[in-house]
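Residues per chain, in single letters:
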Amino acid sequence: SCPCGSGKKYKHCCSYEKIKQEVDQLIESSQVSLDVDLKAVLAIDDPSLDDAKKHLIQTPSSLYTSKDFHVLGVQLNMSGFQELSIKFLNKSLDKDSKNYGAWLDLAAILNHSGQSEKSLECIDKVPEGFKRKTIIKANTLKNLVGLEKVTHLYEKAVREEPDFHLPYINLALANKLGSETSNYWVNLGFKNIPGDAELGFQWARQKFFRKEYEELV
C-alpha cells in the first residue's frame, strides 16, 4: 500500500501523482519539443500508461525508435485509446517500414475497428511465413467474406502455430456444433493446448451437445 496512508496501491496513488507532475512540467518545458500526439499521451489520466509516460519523459524525442512507437501503440490499444494507437503504429512504420510486427498489429486494430480493407493493405506488406500473418489475414477476411470461406487459412495457421488457440476455435465454429469436423478441431486444440480456458470451454460444450457426459465427469 502507499506510504501516504491512503490505503491505495502506491502505483495508483503517489507514484501516479509524481508522474503526473513530471508530465505537466515536461509539457510546459521549453527544453523539449513534443508533437501533438505525444502531448496527448502524456495528458491521458490512466495509470496503465505510467511506464510508457516514464519512457517518454526519460528519452529525448529525437531518439525515439520504431520499436518505441510500436510498443506505445500496442499499449494505447490495450488501454482503449484506439485512435492514438493507430497514429503511433503509423509513426513506428514511418521510422522503419520493415517493422513487420507493427504492420500486423496495425492490421489487427484496423480490422477490429471495421477498416478491414485497410487491414488487408497492411497485411500485404508482410512477407509470407512471418509469425501471425496467416491468422490475422484469416480474421480480416472473415469479416469481409465470411468464416466458411477462410477455413483454409485457419488450417494453415494451425500448421504454422499449433500452440495458438484461435485457429482451432474458428475452425470449430465454422462447422455445426457437435459435428465430427467441429469436434475434431476442438479435440485437437485441447490436446495441443490442454491448459487453454477458451478451448476447454469449447471442448466441454462439444461433449455436452454430443451427450458424451462421461468425459465431462
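Structure: see above.
Residues numbered from 1 in each chain as written. Predicted model: local features only at pLDDT ≥ 70, side-chain atom pairs only at ≥ 80, totals over all residues. Heavy atoms only, no water.

Colleague: I keep staring at the overall build of the chain and nothing clicks. Help me out?
Modeller: For the chain, the helix and strand inventory stands at twelve helices and zero strands. Ordered by position from the N terminus, the helices and strands of the chain form the series α-α-α-α-α-α-α-α-α-α-α-α. Put simply, the chain has 217 residues, and 41% of those count as buried. Carbon together with sulfur atoms contributes 52% to the accessible area of the chain, which is approximately 12,500 Å² in total. (Helix = DSSP H or I, 4+ residues; strand = E, 2+ residues; numbered from the N terminus. Buried < 20%, exposed > 50% of the residue type's maximum accessible area, 1.4 Å probe, protein only. Areas by Shrake-Rupley, 256 points an atom, 1.4 Å probe, with all protein chains shown as cover.)

Colleague: Any chance you could explain the packing of helix 7 (residues 116-123) against helix 8 (residues 133-145) here in plain terms?
Modeller: For any two helices packed against each other, the geometry is given by the interaxial angle and the distance between the axes. As a packed pair, helix 7 and helix 8 sit with axes 9 Å apart at the nearest point and diverge in direction by 155 degrees. Taken together, helix 7 and helix 8 sit at an angle that is classed as roughly antiparallel. Judged by the twist between their axes, the crossing of helix 7 over helix 8 is left-handed. In contact with Ser116, Glu117, Ser119, Leu120 and Ile123 of helix 7, helix 8 contributes Lys133, Ile136, Lys137, Thr140, Leu141, Asn143 and Leu144. Taken together, the residues of the contact of helix 7 with helix 8 break down into five nonpolar, four polar and three charged. (Axes fitted to C-alpha atoms, helices over the stretch in contact; angles between N-to-C directions. Parallel < 35°, antiparallel > 145°, perpendicular 65-115°, else oblique. Left-handed = near helix turned anticlockwise from the far one by under 90°. Contact = heavy atoms within 4.5 Å. Nonpolar A, V, L, I, M, F, W, Y, C, P; charged D, E, K, R; others polar.)

Colleague: Sorry, what's going on with unusual backbone geometry here?
Modeller: Trans is the prevailing form of peptide bonds, just as negative phi is the prevailing case for residues other than glycine. A positive phi is found at Arg132, a non-glycine position, where the angle reads about 75 degrees. Relative to the helices and strands, Arg132 is located in the loop between helix 7 and helix 8. Residue classification places Arg132 among the partly exposed positions, given a relative accessible area of 31%.

Colleague: Honestly, the side chain of Glu161 in this entry has me stumped. Any pointers?
Modeller: Topologically, Glu161 is positioned in the loop between helix 9 (151-160) and helix 10 (165-173). Judged by relative accessible area, Glu161 falls into the buried class, the value being 12%. For Glu161, the residues in contact, after removing those within four places along its chain, are Lys131 and Arg132.

Colleague: Before we go on, may I ask you to explain helix 3 (residues 50-58) in this structure?
Modeller: An α-helical turn contains 3.6 residues, so any two residues separated by three or four positions project in the same direction. Regarding helix 3, the residues found buried are Asp50, Ala52, Lys53 and Leu56. Mapping the buried residues of helix 3 onto a view down its axis gives an arc of 160 degrees, with all of them on the same face. Exposed residues on helix 3 whose side chains face more than 90 degrees from its buried face are Asp51 and Gln58. (Arc of directions from axis to C-beta.)

Colleague: What should I look at first to understand the environment of Lys67 in this one?
Modeller: Note that Lys67 resides in helix 4 (residues 66-78). Note: C-alpha distance between Lys67 and Leu89 (22 residues apart in sequence) is 9.4 Å.

Colleague: Which parts of the structure should I look at to understand the packing of aromatic side chains?
Modeller: Between two aromatic rings, the relevant description is the distance of the centres plus the angle of the planes. Across all of its chains, the model carries six aromatic pairs by this definition. Both rings, one in Phe69 and one in Phe88, keep their centres 5.8 Å apart while their planes meet at 40 degrees; by these two values the pair is tilted. Of this pair, Phe69 sits in helix 4 while Phe88 sits in helix 5 (residues 82-95), and the two are 19 residues apart along the sequence. Of the two residues, Phe69 and Phe88, neither departs from the other in class, the shared state being buried. Centre to centre, the rings of Tyr100 and Phe130 are 5.7 Å apart; their planes meet at 70 degrees, and the pair counts as edge-to-face. One end of the pair, Tyr100, is in helix 6 (residues 100-112); the other, Phe130, is in the loop between helix 7 and helix 8, with 30 residues separating them in the sequence. Take Tyr100: its relative accessible area is 22%, and that puts it in the partly exposed class. Through successive ring pairs, a cluster of aromatic residues spans Tyr64, Phe69 and Phe88. Directly above the aromatic system of Phe88 lies the positively charged group of Lys91, at a separation of 5.6 Å from the ring centroid. (Phe/Tyr/Trp six-rings, centres within 6.5 Å; stacked < 30°, edge-to-face > 60°. Lys NZ or Arg CZ within 6 Å of the ring centre and 35° of its normal.)

Colleague: Is there a simple way to think about the pattern of salt bridges in this case?
Modeller: A side chain of one charge can pair with a side chain of the opposite charge if their charged atoms are brought near each other. As enumerated under the stated definition, the model contains ten salt bridges in all. The salt bridge partner of Asp37 is Lys91, with a shortest N-O separation of 3.4 Å. Of this pair, Asp37 sits in helix 2 (residues 36-42) while Lys91 sits in helix 5, placing them 54 residues apart in sequence. Lys91 sits in the buried class, given a relative accessible area of 17%. Across the pair Lys156 and Glu128 runs a salt bridge whose closest N-O atoms are separated by 3.3 Å. Pair noted here: Lys156 is in helix 9 and Glu128 is in the loop between helix 7 and helix 8, with a separation of 28 residues, a long-range link. By relative accessible area, Glu128 is classed as exposed at 54%. The network of salt bridges with shared partners includes Glu180, Lys207, Arg210, Glu212 and Glu215. (Salt bridge = Lys/Arg side-chain N within 4 Å of Asp/Glu carboxyl O.)

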